[in-house]
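Architecture at a glance
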Amino acid sequence: MQLAAESPTVKESTVMAAYLQDRRSALMERRREYELEVAEALQDEDEEEREERLQLVRAAQAMLANGFTSLELHLPENYTE
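First, a word on scope: everything that follows refers to the structure included in this document. (Residues numbered from 1 in each chain as written. Predicted model: local features only at pLDDT ≥ 70, side-chain atom pairs only at ≥ 80, totals over all residues. Heavy atoms only, no water.)

Let's talk about the overall build of the chain
Tallying secondary structure elements over the chain gives two helices and zero strands in all. Within the chain, buried positions represent 1% of all 81 residues. Here the chain has roughly 8,100 Å² of accessible surface; of this, 57% comes from carbon and sulfur atoms. (Helix = DSSP H or I, 4+ residues; strand = E, 2+ residues; numbered from the N terminus. Buried < 20%, exposed > 50% of the residue type's maximum accessible area, 1.4 Å probe, protein only. Areas by Shrake-Rupley, 256 points an atom, 1.4 Å probe, with all protein chains shown as cover.)

So, a nonpolar patch on the surface
On the surface, a cluster of nonpolar side chains totalling about 300 Å² of accessible area is made up of Met16, Tyr19 and Leu20. Along the chain, leucine 20 turns up in helix H1 (residues 10-44). On the basis of relative accessibility, which here comes to 36%, the residue leucine 20 falls in the partly exposed class. (Patch = residues over 30% accessible without salt bridge, like charges linked within 9 Å, V, L, I, M, F, W, Y side chains within 5 Å. Salt bridge = Lys/Arg side-chain N within 4 Å of Asp/Glu carboxyl O.)

Let's talk about a negative patch on the surface
A cluster of like negative charges, contributed by Glu40, Asp44, Asp46, Glu47, Glu48, Glu49 and Glu52, occupies part of the molecular surface. Elements supplying a minimum of two residues to the negative patch: H1 and helix H2 (47-73). If you tally residues by element for the negative patch, the top one is H2, at four residues. Note on placement: aspartate 44 falls in helix H1. (Lys, Arg positive; Asp, Glu negative; His and termini not counted. Charge placed at Lys NZ, Arg CZ, Asp CG, Glu CD.)

Description of the pattern of salt bridges
Tallied over the entire structure, the rule returns six salt bridges. In this structure, glutamate 29 engages arginine 32 in a salt bridge whose closest nitrogen and oxygen atoms are separated by 3.0 Å. Here glutamate 29 pairs with arginine 32, and both are found in helix H1, just three residues apart, close to one helical turn. Residue classification places glutamate 29 among the partly exposed residues on the basis of a relative accessible area of 35%. Residue class for arginine 32 comes out partly exposed when judged on its relative accessible area of 43%. A salt bridge links glutamate 37 to arginine 30; the nearest nitrogen and oxygen atoms lie 3.7 Å apart. Looking at glutamate 37, the relative accessible area reads 44%, which means it is partly exposed. For arginine 30, a relative accessible area of 40% corresponds to the partly exposed category. Here the salt bridges do not stand alone but share partners, grouping Arg30, Glu33 and Glu37 into one network.

Details of the side chain of glutamate 45
Its location among the elements puts glutamate 45 in the loop between H1 and H2. Overall, the relative accessible area of 18% leaves glutamate 45 in the buried class. At 2.6 Å, the side chain of glutamate 45 and the side chain of arginine 53 are in polar contact. With residues near it in sequence (within four places) discarded, glutamate 45 still touches Arg50 and Arg53. (Polar contact = N/O pair within 3.5 Å; in protein donor to acceptor, adjacent residues only side chain to side chain. Contact = heavy atoms within 4.5 Å.)

Structure follows, in structure tokens:
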């Protein structure tokens, strides 16, 4: 007979909660920093850089659209969502 895993102690739960909160805070801070970097880069880009970025976005959109189209072509005839 296998014994059930013991529940974490109050101290272990507190330590884990504190760790998770620290990780969430660090991730949120890094995301804020990243968003600021992106905003600054967009403000600093010249017309040539902007056009290059837009071409990359259009290419990515076309690849996604093509992927979805080819996926639809390979679905069984009786497929329903």
